[in-house]
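What the coordinates show
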Number of protein chains: 2
Amino acid sequence: MTTAGTDERRTDTRNLIRAVALELFAEQGYEKTSLREIAERLGVTKAAVYYHYRTKEEILSSLLDEHLAGMDAIVEWAEAQPAGRERRQGVIERYSTLLAGMSDDGPQLIRFMQENQTSIKELAAGAEIRSRFERLSVVLVDPGASAADQLRSRLALIALHFGAFALDMLPGAPDERRDAALEVALELGGR
Amino acid sequence: MTTAGTDERRTDTRNLIRAVALELFAEQGYEKTSLREIAERLGVTKAAVYYHYRTKEEILSSLLDEHLAGMDAIVEWAEAQPAGRERRQGVIERYSTLLAGMSDDGPQLIRFMQENQTSIKELAAGAEIRSRFERLSVVLVDPGASAADQLRSRLALIALHFGAFALDMLPGAPDERRDAALEVALELGGR
DNA sequence: GTCTATACTGCGATAGAC
DNA sequence: GTCTATCGCAGTATAGAC
């Protein structure tokens, strides 16, 4: 649960910062994007940004937090199921649905996570996200699975990510790509 | 072929810089790694590093160049073959062999490329690498292939990368992982 | 509560001494 | 071949205007 919601503020600078930051982070990466660049796009100073978010990392955390909650729900469901094919299929289908239901900037966020793993890795919020992926991966691998099967499971999640953000690389409308990605992911991890 | 080789220099600082830089780039990312950090590990100053490489980007370029030549050979071979299953299999097998035959730091370089795509994207050497991947992907997709098949082809290359660098994530000895990755890649792109 | 002005440290990079 | 000195810009931080 975030501090936003029914929160009534006099300006929407806080949300504008999030939107601009996500766009720039996805385009040019986290480290390469400066607070001055974000501030200039909004016509304010660096310090104004610093008022709403105490650090640059906190901006990114607030973006990642949205996705965290969705992943938590899937991990919790999965860990209450018995291991096996049905659980693997359920995880893949639920994760596909989560990606499909994200906000308009969802694809940008997923692309950012996929392409900036090293930047994210050392951040607190990044560690949270990574632990969810780790648990999703564990739940997608039955005990004693081969190296090939473990690889297939991890690729299944990556396939879903590609379907969510690879607008230019793959043909078809967004939901066609999503269906294709789900098909490939199930074939990798749902057998 | 690089400018090194028979090049006899009074110190091996140049090669030491490459080794330390790759290690730090792979661990903490390109942007987060400072020239001062590299210099301090070697007991010299920042400016001494600047004597050997005119920019930070040039250090990274010199690392990526090794892999570029290997990819060029595969792309050239592929573009001289008729499209079809055999060509796809040949590309996957050759790329697997290329990854297996890289130097000791090969895994670090592949991991770096896989996890720092955004950092690399805007660099000159990064654009070169990306164009090779683009051509490899084209050659792995027969005309009129579905979105699912295009996705499978891209995942095949990613599978090989995982097998090359995912030391902690997957079980088994290095060549077992490589064989498992090749198996999955062929099943994705070689049907 | 929202923002500007200002300053501090460390970054990549350059010029020039030795 | 390596150094010192310096530059402009980065993220961070505080004081205070409104």
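Residues numbered from 1 in each chain as written. Chains lettered and ligands numbered in written order. Predicted model: local features only at pLDDT ≥ 70, side-chain atom pairs only at ≥ 80, totals over all residues. Heavy atoms only, no water.

All right, on to the domain arrangement of chain A then. Frequently, the measure chosen for interface size is the accessible area that the parts lose on association. Residues and elements named next belong to chain A. In terms of domains, chain A is made up of domain 1 (13–52) and domain 2 (64–189). A straight line from the C-alpha centre of domain 1 to that of domain 2 covers 27 Å. The contact between domain 1 and domain 2 buries some 750 Å² in all, and 61% of this surface belongs to carbon and sulfur atoms. Taken together, the connections running from domain 1 to domain 2 amount to one salt bridge. One salt bridge connects R18 with E66, and the closest N-O pair in it is separated by 2.6 Å. Between the two partners, domain 1 and domain 2, sit two residue pairs in polar contact (both at pLDDT 80 or more). In terms of residue class, the side of domain 1 that touches domain 2 is made up of four nonpolar, one polar and four charged. (Domains from an automatic or database assignment. Buried area = accessible area lost by both parts, 1.4 Å probe. Salt bridge = Lys/Arg side-chain N within 4 Å of Asp/Glu carboxyl O. Polar contact = N/O pair within 3.5 Å; in protein donor to acceptor, adjacent residues only side chain to side chain. Nonpolar A, V, L, I, M, F, W, Y, C, P; charged D, E, K, R; others polar.)

Another aspect to go through is the pattern of salt bridges. This structure, assessed with the given rule, holds 30 salt bridges over all chains. The partner of E58 of chain A in a salt bridge is R54 of chain A, and the shortest N-O contact between them spans 3.5 Å. Residue classification places R54 of chain A among the exposed residues on the basis of a relative accessible area of 59%. What you see here is one network of salt bridges that share partners, running through D149 and R152 of chain A together with E183 and E187 of chain B. (Buried < 20%, exposed > 50% of the residue type's maximum accessible area, 1.4 Å probe, protein only.)

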